[in-house]
Every structure is written in structure tokens, then in C-alpha cells.
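Residue-level structural notes
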Amino acid sequence: MLNNKKICVVMPGYNAEHTVKKTYEEIPKDIVDDVILVDDSSSDRTAEVARSLGIHTVVHPKNRGYGGNQKTCYTEALRRGADIVVMVHPDYQYTPRLIPAMASVISSGIYDVALGSRILGNTALTGGMPLYKFVANRFLTAVENILVDQKLSEYHTGYRAFSREVLLSLPLEENDDGFVFDNQMLVQAIRFGFRIGEVSCPTRYEEQSSSIGFMKSVRYGFGVLEAAAQYRMMKLGLMHPRFLAENGRRLQLDLT
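Now for a quick tour of the structure. The structure displayed is predicted, hence computed values, not measured ones. (Residues numbered from 1 in each chain as written. Predicted model: local features only at pLDDT ≥ 70, side-chain atom pairs only at ≥ 80, totals over all residues. Heavy atoms only, no water.)

So, about the packing of helix α7 (residues 181-191) against helix α8 (residues 214-235). Viewed as axis vectors pointing N to C, α7 and α8 meet at an angle of 15 degrees, and their least axial separation amounts to 9 Å. Taken together, the axes of α7 and α8 lie roughly parallel to each other. As α7 packs across α8, the resulting crossing turns out to be right-handed. Mapping the contact onto sequence places Asn 183, Gln 184, Val 187, Ile 190 and Arg 191 in α7 and Tyr 220, Val 224, Ala 227, Tyr 231 and Met 234 in α8. (Axes fitted to C-alpha atoms, helices over the stretch in contact; angles between N-to-C directions. Helix = DSSP H or I, 4+ residues; strand = E, 2+ residues; numbered from the N terminus. Parallel < 35°, antiparallel > 145°, perpendicular 65-115°, else oblique. Left-handed = near helix turned anticlockwise from the far one by under 90°. Contact = heavy atoms within 4.5 Å.)

With that settled, consider α7. Across the 11 residues that make up α7, a large majority, 10, are buried. Those residues of α7 that sit buried are Phe 181, Asp 182, Asn 183, Gln 184, Met 185, Leu 186, Val 187, Gln 188, Ala 189 and Ile 190. (Buried < 20%, exposed > 50% of the residue type's maximum accessible area, 1.4 Å probe, protein only.)

What follows deals with a nonpolar patch on the surface. Taken together, the side chains of Leu 125, Leu 131 and Val 135 define a hydrophobic patch exposed on the protein surface, amounting to about 280 Å² of accessible area. When its relative accessible area of 57% is taken as the criterion, Leu 131 is described as exposed. (Patch = residues over 30% accessible without salt bridge, like charges linked within 9 Å, V, L, I, M, F, W, Y side chains within 5 Å. Areas by Shrake-Rupley, 256 points an atom, 1.4 Å probe, with all protein chains shown as cover. Salt bridge = Lys/Arg side-chain N within 4 Å of Asp/Glu carboxyl O.)

Turning our attention to helix α5 (residues 131-148). For α5, with 18 residues, the first-to-last C-alpha span of 26 Å sits near the 26 Å given by 1.5 Å per residue. Positive phi appears at Asp 149, one or two residues downstream of α5, with a value of about 60 degrees. (Expected span 1.5 Å × (residues − 1).)

The subject of this paragraph is the nonpolar core. One finds Val 10, Tyr 74, Val 113, Leu 167, Leu 172, Met 185 and Ile 196 to be the most contacted residues of the largest nonpolar core, which totals 39 residues. Considering each element in turn, this core owes the most residues, 6 residues, to α7. In this view, Val 113 contacts Ile 106, Ala 161, Phe 162, Val 166, Leu 186, Ala 189, Arg 195, Ile 196 and Gly 197; residues no more than four positions away in its chain are not counted. Listed in part, the 30 residues of the second largest apolar core include Leu 98, Val 105, Ile 106 and Val 199. (Core = buried A, V, L, I, M, F, W, Y, C linked by side-chain atoms within 4.5 Å.)

This paragraph deals with unusual backbone geometry. At Asn 4, a position not held by glycine, the phi torsion is positive, near 65 degrees. A relative accessible area of 70% places Asn 4 in the exposed class. Its identity as a non-glycine residue notwithstanding, Tyr 92 has a phi of 70 degrees, on the positive side. Relative to the assigned elements, Tyr 92 resides in the loop between β4 (84-87) and α4 (99-107). Given a relative accessible area of 9%, Tyr 92 falls into the buried group.

Let us now look at the packing of aromatic side chains. Applying the stated criterion across every chain yields a total of 3 aromatic pairs. For the pair Tyr 74 and Phe 162, a centre-to-centre distance of 5.7 Å together with 75 degrees between the ring planes defines the contact as edge-to-face. Within this pair, whereas Tyr 74 is found in helix α3 (residues 65-79), its partner Phe 162 is found in strand β6 (residues 160-163), the two being separated by 88 residues in sequence. Comparing Tyr 74 with Phe 162 shows no difference in burial state: the two are buried. One Lys or Arg, Lys 29, reaches over the ring of Tyr 24 and ends 4.3 Å from the middle of that ring. In this arrangement the basic side chain of Arg 191 is found over the ring face of Phe 192, its NZ or CZ atom lying 4.5 Å from the centre. (Phe/Tyr/Trp six-rings, centres within 6.5 Å; stacked < 30°, edge-to-face > 60°. Lys NZ or Arg CZ within 6 Å of the ring centre and 35° of its normal.)

On to the sheet that holds β6, then. Taken in spatial order, the 7 strands make up an open sheet running β3-β2-β1-β4-β6-β5-β7, and their pairing is mixed. A strand with exactly one partner marks an edge of an open sheet, and here the two such strands are β3 (56-59) and β7 (196-200). Averaged over all pairs of adjacent strands, the angle between strand axes in this sheet comes to 20 degrees, irrespective of strand direction. Where strand β5 (residues 113-117) meets β6, 3 bridges bridge the pair, whose relative direction is antiparallel. Bridge pairing in β6 places Val 113 opposite Phe 162. Each of β1 (7-13), β2 (34-39), β3, β4 and β6 touches α3; the most contacted strand, β1, lies at about 155 degrees to it. (Pairing = 2+ DSSP bridges.)

The subject of this paragraph is the packing of α3 against α7. Between α3 and α7, the least distance of the axes is 9 Å, while the angle of their chain directions is 55 degrees. Relative to α7, the element α3 lies oblique. Where α3 abuts α7, its residues Tyr 66, Gly 67, Gln 70, Lys 71 and Tyr 74 lie against Phe 181, Asp 182 and Met 185. Broken down by class, the residue content of the contact of α3 with α7 amounts to 4 nonpolar, 2 polar and 2 charged. (Nonpolar A, V, L, I, M, F, W, Y, C, P; charged D, E, K, R; others polar.)

Such coordinate-based values are descriptive only and should not be taken to indicate function.
Quick look at the structure:
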């Protein structure tokens, strides 16, 4: 609990059996009220290890993709009464010790969304981020900032926190089930007027940290640019993309 807000940590998991325990142990239990792991049909013991740690664990019978995993994460967190939801990857790439900072950015009422930026603090390359990923990150972020009229340091971090209002308001069911979900969600937050803050986060690329391959990265890059371009076209009145529609499909909560 932080400022009387229930804090829930969600972990979209896939083949994270060797890192989920290490990630969970760093979560500050004094402020975190709930921890959820959604296992996206892993081929290893991710779900078994998570349950042994006492983590509330949901398993997809079939792989739904990174975006599909997040949809389940947020739906489950909202069902369990979360006021603030912090997403932490269970591959230990982002330190859970920053959860209090991420959550306080929102619980203070200053921002609605918090991003753990690997670019602020200038540690991306020294932390092991591959050079081609760093260059792509800087290029895509620069173009996105122009297209959506923002000044974020990066759009591609997987360390994020959201208020309950954000997760209930955004048409997340209109988003892709793949990696571009992250960027579509940020574009939606901008489109619907939510305030976005950033917290400096050290970069940590290790052997067991998950990372998409080169060709998937290329497809992701084009998807990112498409999402930002669609936002610009919408602002100009030239198109009306479903993922930015006022009546787009929201997460469906069964609270009965």
C-alpha cells in the first residue's frame, strides 16, 4: 500500500524459470500488496516455480504473445482490486527495487503512467544493450516524439506502471497481441490525455534476459512507426484507427 493505494506487480512470463525467483525476491514486499505472474504457455517450469514462491499464477493454455499476456496481466490485477499496476519482466532485466519510485509517481497524483527509462542516466550501452538496439531505440524514439508531439526519452522500455483509471479507460483489446502492444498502449495514453512520467532505470542485459531477435526487431520497428503515424493521421482527420477510437474495446472484467 502506498498513499492508500493498493499496489499490484504483474509479471508477463515466458520461459523464465531460472530468473523468476531472483526477480521476486527483489520486490519490496513492504509496499506491494499483490504479485501476479501470467505464464504464456512456457515450455519450462516457470509456473511451477512461481507458485512455489506464493505468486498468484495464471497459465495460458496456448501462447498468446507478449501483448496478449499483458492483457491478461492487467485484467487479473484489476479484478483483484489493484489501484496501481507495475509491470516487471520476470527475466530480471529491470530491477524491482525501483517499484516504490514507479508507484509513487502515480500515487502522488502527479502522473497517470510511469516509465522506467533506460536512456535517462546514460547507462544503456554500459549496461549491455546491443549497439544496434540502442541506435534503433534512439531513432524510433525521435521519430515517435515528432509524430505524437511528445518529449519522452524512450518508448521501448518494458518497465511500466499504470493507474487503475488508465487500464480501465484505454481500448486495450484493440491492440496487437505481439510486441507492438507496448507502443500502441503509450500512443493510446497520449491520445486520451493521460500524463506520462519517467524514472531513470539502469540497463541490465544478462545471458538469461529475454530479447527479441533481429528480424522480429525489424517488424517491431515498422509496427511502432505505424502506430505513431496513425496517431498523426487521426489528429489531421485523415483516418480513424480502431485502437484509438473512443468506443474501442476495453478490458472486460467479470467482478461477480
